[in-house]
Amino acid sequence: ARSWERRPGIELAGKRLGIVGYGAVGREVARIAGSLGMDVVAHDPFLQEADVELVDLATLLGSADAISLHVPLSESTRDLIDAEALEQIRPGALLVNTARGGIVDEQALAEALRSGRLAGAAVDVFAEEPPWGSPLVGLDNVVLSPHAGAATAEAARRAGLQAVEQLLRDL
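All of these numbers come straight from a predicted model, not from anything done at the bench.

Q: Just to check I follow, could you spell out the overall build of the chain for this structure?
A: Per the secondary structure count, the chain includes five helices and seven strands. Traced from its N-terminal end to its C-terminal end, the chain shows the element sequence β-α-β-β-α-β-α-β-α-β-β-α. A burial count over the chain gives 36% of its 171 residues as buried. Summarising the internal contacts of the chain: among those between residues at least 6 apart in sequence, 59% fall at separations of at least 24.

Q: What is the right way to read the sheet that holds strand β6 (residues 120-123) from this model?
A: Strands belonging to one sheet form pairs held by backbone hydrogen bonds; the direction of such a pair is parallel or antiparallel. Strand order in the open sheet formed by seven strands is β3-β2-β1-β4-β5-β6-β7, and the pairing between neighbours is parallel. Only two strands of the sheet have a single neighbouring strand rather than two, namely β3 (53-54) and β7 (142-144). In this structure, strand β5 (residues 94-97) lies alongside β6, joined through four bridges in parallel fashion. Among the inter-strand pairings, valine 96 is bridged to a residue of β6, identified as alanine 122.

Q: Any chance you could explain the nonpolar core here in plain terms?
A: Considering soluble globular proteins, one finds that nonpolar side chains tend to be buried as a cluster. Core analysis: the biggest nonpolar cluster contains 31 residues, and Ile67, Leu95, Leu109 and Leu118 have the highest contact counts within it. Elements that contribute at least two residues to this core include exactly α2 (57-63), β4 (66-69), α3 (83-88), α4 (106-115) and β6. Not counting chain neighbours up to four residues away, the residues in contact with isoleucine 67 comprise Leu17, Gly18, Val20, Leu60, Leu61, Ile89, Leu94, Leu95 and Val96. If you look at the next biggest cluster of nonpolar residues, it comprises ten residues, including Ile19, Met38, Val40 and Ala66.

Q: Can you walk me through the pairing of β6 in this structure?
A: Regular strands have side chains that alternate between both faces of the sheet. In this fold, the crossover linking β5 to β6 by way of α4 has right-handed handedness. Relative to β7, β6 runs parallel, the two being bridged by three bridges. The partner of valine 123 across the bridge, within β7, is leucine 144.

Definitions and limits used
- Residues numbered from 1 in each chain as written.
- Predicted model: local features only at pLDDT ≥ 70, side-chain atom pairs only at ≥ 80, totals over all residues.
- Heavy atoms only, no water.
- Helix = DSSP H or I, 4+ residues; strand = E, 2+ residues; numbered from the N terminus.
- Buried < 20%, exposed > 50% of the residue type's maximum accessible area, 1.4 Å probe, protein only.
- Contact = heavy atoms within 4.5 Å.
- Pairing = 2+ DSSP bridges.
- Core = buried A, V, L, I, M, F, W, Y, C linked by side-chain atoms within 4.5 Å.
- Right-handed = clockwise from strand over helix to strand, strands pointing away.

Spelled out as structure tokens, the structure:
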């Protein structure tokens, strides 16, 4: 059946984005968010200063309207966003994980989404892929996609060129 249903959205201007992991990708996300009029804060335990305000993780979780994760998966980041962290997140916030599966406890995230504590989430990395067994599958307030942002002809060409340049440098 066809549907022409309008759903209310949110304006990003004036909202606070919290970036967890302020490396190259986190900085680029901050640049884009800033150009949209967002207030950006970041948490990165490896940095002492940055071009945005650095805050501790609890402050970021409690004050951000949207949270974007950009950390590698390691023993210290596995389940970084677990049930306890999700309880610290501002009610009605959004969570985006394009970093690595395993950083977010998917069961705890599904519960936070089902309860309405979080307004929504966007996830393109999962503990197990494809994610057919994930508790996130089928929820109305989550966008799931494969981790394929670099799956373009241009990105493949750049990666190939970078590999050849590295080989030539190593000769």
